[in-house]
Amino acid sequence: MTLADAEREEVLGELLEALGATKVLWKTADLLPYTKDTYRIRLEDEYRYMPDIAVLPESTEDVQKVVRVAASRKIPLIPKGGGSNRTGMLVPIHGGIVVDTIRMNRILAVSKPDLSVTVQPGITLKDLEDQLAEHGLWLTQEQGSQKMATVGGSLSTSGFSRRHQKYGTIADRVMSLEVVLADGSVLRTGPKVLYTSTGYRLHQLFVAAEGTLGIITEAALRVEPLPEARSAVLAFYDDFWAANEAALRIMASGVTFSAGEAYEAHGATAWGAPEGKHGLFYVALDGTKGEVEAEEEFIKRVVSESGGVLASRENAMSFVSKYTEQWCGARALTGFEDVLTTQVPMERMREFYDTLWNKIAPRYGIAPLPGEKYSLDVGRYRMAGGRYSLPKGERAWENYQKALREIARLATSMGGSVQSCHGVGIEHRDNMDLEFSEVALETMWKIKRVLDPDNIMNPGKKLPERK
Ligand SMILES: Cc1cc2nc3c(=O)[nH]c(=O)nc-3n(C[C@H](O)[C@H](O)[C@H](O)COP(=O)(O)OP(=O)(O)OC[C@H]3O[C@@H](n4cnc5c(N)ncnc54)[C@H](O)[C@@H]3O)c2cc1C
């Protein structure tokens, strides 16, 4: 909390009057869940950052009322979706008012002929998919966190869908947004069309903005007809690099698939892998029956030509469905590990991993989790990742910050990006200078100052502080 008691009382009074008692939370016990997200904050700092108040708006008008109260007193606002982000975007480091969109969870319109859906921001990706399925449609956005992540959160983090190879990510599906700006005005970014050459692409400005430019209150998104058929191919290899080689052949072939990943295999015998196979890749397919059958046959041929061992179709399908069954809420309570979603050029991937695991990790007491040293997204974004336990001991936090900076330096010196899909939050904020030039960062700050001159929208996140 940052407000003095008297001011907090006044703000509370104004919010209660504007919204009514059922939409405002102010008791400490009610505010505790708003102290963190799934980012592993420094242990000593747990519960150190407490918001002053949280609100539960149900409409755009409610959000406007809250923003006006906050703007008149320059109080920070933190928009919240499902709380599943991994980089501390919701940690209220400057106190303020959390705008929890959990009740703004309705579908407002569906158009089958236009293949579009208009939603409030607080609907989870899973609920949206379930409801769209009743219309024979889907958003196609398969995030591992889809039971918890909301449309507003996914847009604001530029969420990564593993089906991006065929359908793109949520950034590619935005037609139009409604956003409450820092002065309480409502911005409609443009018509609900996917393609236009008029105006600046204002809607894309709010993608990946991490709540620092405004509060998204409505989103019109492009959807697709549900596919007639789905399938999957899962194959086992001697090690990750062999699986990766086969995956690269598939990518180079031009065959259509919607999702794919290569991993270091861990416990793969549960999916039918013979002993001694330490690498795997899967490819998920969907489309018309004929398409899927032809693609499956093609991919199986590549597997057999590249020395892979095929899993049964049942095991492959079950392996693929595991991805979206994760419940990420528990990570907010545990989280003694972290994950990289780095992008580096393909030809430097081995060098990246060698330096990461053999030089940087041991220096700072980071250890890869068993079987999670390597992973590669087999799609157009080619994200390379790894999961590891955090350093322990007295200087654990300082060491981790140093390690993150070295990893960022490594990835960016190769022309890559340190975090493809988990955003910046507070975790990577101070390493953005490695990825962006001073001119690029200052341009971002100029945009921020125009839209949010008093820096009340999720301050202290995403952009490194200016001196
Ligand atoms: C187990 C697990 C699996 C994951 N898998 C994936 C994955 O496959 N792909 C992926 O991309 N990410 C993944 N993530 C990360 C996370 O789920 C995503 O970043 C997700 O999109 C965040 O959505 P959320 O609703 O939980 O947002 P929150 O965590 O609530 O918020 C994230 C950011 O968005 C802002 N925000 C939220 N709503 C609004 C709004 N209405 N207007 C403006 N700003 C807003 C917040 O201020 C914050 O800065 C995973 C996380 C976990 C724990």
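Further up the page is the structure itself.
Each residue is numbered by its place in its chain's sequence as written, counting from 1. Under the rules for a predicted model, residues below a pLDDT of 70 receive no local features and side-chain atom pairs below 80 are neither given nor counted, while totals for whole chains, interfaces and linings still include all residues. Think of the side-chain values as coming from all heavy atoms in the structure, minus any hydrogens and water.

Student: Is there a simple way to explain the sheet that holds strand β5 (residues 107-111) in this structure?
Tutor: By way of backbone hydrogen bonds, the strands of a sheet pair with one another, either parallel or antiparallel. Strand order in the open sheet made by the five strands is β5-β6-β10-β8-β9, with antiparallel pairing throughout. Pairing within the sheet leaves two strands with one partner each, and these edge strands are β5 and β9 (186-188). Each neighbouring strand pair of the sheet contributes to a mean axis angle of 10°, computed without reference to strand direction. Relative to β9, strand β8 (residues 174-180) runs antiparallel, the two sharing three bridges. Note on β9: the bridge partner recorded for Glu178 is Arg188. The strands that helix α3 (residues 60-73) touches are β8, β9 and β10 (215-222); relative to β8, the one it contacts most, it runs at about 45°. Pairing between two strands is assigned when DSSP locates at least 2 bridges connecting them. Each helix is a run of H or I in the DSSP string that is no shorter than four residues. Each strand is a run of E no shorter than two, and both are numbered from the N terminus. For helices, the fitted line uses only the C-alpha atoms of the stretch in contact; every axis is such a line through C-alpha atoms, and the angle between N-to-C directions lies from 0 to 180 degrees. In this description, contact between two residues means that some pair of their heavy atoms is separated by no more than 4.5 Å.

Student: What is the right way to read the site of the ligand from this model?
Tutor: In the neighbourhood of the ligand, 36 residues make up the surrounding shell, with Pro79, Ser84, Ser145, Thr150 and Phe160 lying closest. In the environment of the ligand, a nitrogen atom lies 3.0 Å from a nitrogen or oxygen atom belonging to the side chain of Ser156. The term polar contact refers here to a pair of N or O atoms within 3.5 Å; inside protein, the definition further demands a hydrogen-donor-capable atom paired with an acceptor-capable atom, and it admits residues adjacent in sequence only when both atoms are side-chain atoms. Note that an oxygen atom of the ligand is positioned 3.0 Å from one of the side-chain N or O atoms of Thr157. Residue-level accessible areas treat just the shown protein chains as cover; the underlying method is Shrake-Rupley with a 1.4 Å probe. Calculation on the ligand without its partners gives an accessible area of 970 Å², and the protein chains cover 97% of this total. Looking at the shell around the ligand, the elements that each hand over two or more residues are β3 (77-80), α5 (151-157) and β10. Examining the composition of the shell around the ligand, we find that five residues originate from one element, α5, more than from any other. In the shell around the ligand, the residues fall into eleven nonpolar, 21 polar and four charged. To be near a molecule or strand, a residue needs just one of its heavy atoms within 4 Å of it. As a working rule, the residues Ala, Val, Leu, Ile, Met, Phe, Trp, Tyr, Cys and Pro are called nonpolar, Asp, Glu, Lys and Arg charged, and the rest polar, with Gly in that last group.

Student: Would you mind showing me how to read the environment of Ser156 here?
Tutor: Mapped onto the elements, Ser156 comes out in helix α5. Residues within four places of Ser156 in sequence aside, it is in contact with Phe206, Ala208, Ala209, Glu210, Gly211 and Ile216.

Student: Sorry if this is basic, but what is going on with the layout of surface pockets here?
Tutor: Where empty space is left can be seen by rolling a probe of water-molecule size over the atoms. Put plainly, a pocket is an open set of points on a 1 Å grid over the protein atoms alone with protein on both sides within 12 Å along at least five of seven lines, a cavity is a set where a 1.4 Å probe fits but cannot get out, and a lining residue has an atom within 4 Å of a point. Grid points are joined across faces, edges and corners, and a volume is the space filled by probe spheres set on the points. The space that makes up the second largest pocket amounts to roughly 530 Å³. Lining the second largest pocket are 26 residues, with Ala208, Val424, Phe436, Met444 and Lys462 sitting closest to its centre. Within the residue set of the lining of the second largest pocket, elements represented by two or more residues are α13 (432-435) and α14 (438-451). The element that contributes the greatest number of residues to the lining of the second largest pocket is α14, accounting for four residues. Residue classes in the lining of the second largest pocket are distributed as 15 nonpolar, seven polar and four charged.

Student: How should helix α9 (residues 289-305) be read in this particular structure?
Tutor: The α-helix advances 3.6 residues per turn, and as a result positions three or four apart in sequence lie on the same side. Expected span, for any helix, means 1.5 Å times one less than how many residues it has. Its 17 residues give α9 an end-to-end C-alpha distance of 25 Å, which sits within 8% of 24 Å, the value for a rise of 1.5 Å per residue. Turning to α9, its buried residues are Val292, Glu295, Glu296, Ile299, Val302 and Val303. Buried residues along α9 cover an arc of 125° about the axis, so they all sit on one side. Among the exposed residues of α9, those oriented more than 90 degrees off its buried face are Glu297, Ser304 and Glu305. Against the buried residues of α9 lie β12 (229-237), α8 (240-253), β14 (279-287), β15 (309-310) and α10 (313-322). The first or second residue beyond α9 is Gly307, which carries a positive phi of 75°. Throughout this description, buried means an accessible area under 20% of the type-specific maximum (1.4 Å probe, protein chains only), exposed means over 50%, and partly exposed covers the range between. Working note: the arc is built from the helix axis to C-beta atom directions.

Student: Sorry, what's going on with unusual backbone geometry here?
Tutor: It is generally the case that most residues other than glycine have a negative phi and that most peptide bonds are trans. A positive phi is found at Tyr47, a non-glycine position, where the angle reads about 65°. For Tyr47, a relative accessible area of 45% gives the class partly exposed. Of note in this structure, Lys74 is not a glycine but carries a positive phi near 55°.

Student: What am I meant to see in the sheet that holds strand β1 (residues 24-25) here?
Tutor: With respect to topology, four strands assemble into an open sheet ordered β1-β2-β4-β3, the strand pairing being mixed. Looking at which strands have only one partner, the edges of the open sheet turn out to be β1 and β3. Pairing of β3 with strand β4 (residues 97-100), which is carried by four bridges, proceeds in the parallel orientation. Bridge pairing links Leu77 to Ile97 in β4. Running at roughly 10° to strand β2 (residues 53-55), helix α1 (residues 5-19) makes contact with β1, β2 and β4 of the sheet.

Student: What is the right way to read the pattern of salt bridges from this model?
Tutor: The salt bridge criterion pairs a side-chain nitrogen of Lys or Arg with a carboxyl oxygen of Asp or Glu, the two atoms within 4 Å. Tallying each qualifying case throughout the model produces 36 salt bridges. Measuring nitrogen to oxygen at the nearest pair gives 3.0 Å for the salt bridge that ties Lys300 to Glu296. With Lys300 and Glu296 both in helix α9 and four residues apart, this pair spans about one turn of that helix. Classification of Glu296 as buried rests on a relative accessible area of 12%. For Arg405, the salt bridge identified is with Asp433, shortest N-O distance 2.9 Å. Here the residue Arg405 occupies a position in helix α12 (residues 396-413), and Asp433 occupies one in helix α13, the gap between them amounting to 28 residues. Classification of Asp433 as partly exposed rests on a relative accessible area of 39%.

Student: I'm lost on the environment of Arg313 in this one. Help?
Tutor: Looking at the secondary structure, you find Arg313 in helix α10. Considered as a pair, Arg313 and Ser231 are 82 residues apart in the sequence and their alpha carbons are 7.8 Å apart. The residues contacting Arg313, other than those within four sequence positions of it, are Arg230, Ser231 and Glu296. In terms of polar contacts, Arg313 uses its side chain to reach the backbone carbonyl oxygen of Arg230, at 2.9 Å.

Student: Explanation requested: empty space enclosed by the protein in the structure shown.
Tutor: On inspection of all chains with the given rule, the structure shows five cavities of 30 Å³ or more. Its boundaries defined by the atoms lining it, the largest cavity holds a volume of some 50 Å³. Looking at the largest cavity, the residues that line it are Thr212, Trp445, Lys448, Asn455, Met457, Asn458, Pro459, Gly460, Lys461, Leu463 and Glu465. A breakdown of the residues in the lining of the largest cavity according to their chemical character gives four nonpolar, four polar and three charged.

Student: What exactly am I supposed to notice about the packing of helix α11 (residues 349-364) against α12 here?
Tutor: When two helices pack together, their arrangement is captured by the angle between the axes and the distance separating the axes. Between α11 and α12, whose axes approach to 10 Å, the crossing angle comes to 160°. One way to sum up the angle between α11 and α12 is to call them roughly antiparallel. Judged by the twist between their axes, the crossing of α11 over α12 is right-handed. Contact residues: Phe352, Thr355, Leu356, Ile360, Arg363 and Tyr364 in α11; Asn399, Lys402, Ala403, Glu406, Ile407, Leu410 and Ala411 in α12. Grouping the constituent residues of the contact of α11 with α12 by class yields eight nonpolar, two polar and three charged. Note on angle classes: values under 35 degrees are labelled roughly parallel, values over 145 roughly antiparallel, values of 65 to 115 roughly perpendicular, and the remainder oblique. It is the rotation of the near helix from the far one that decides the hand of a crossing: anticlockwise by less than a right angle makes it left-handed, clockwise makes it right-handed.

Geometry only, nothing functional implied.
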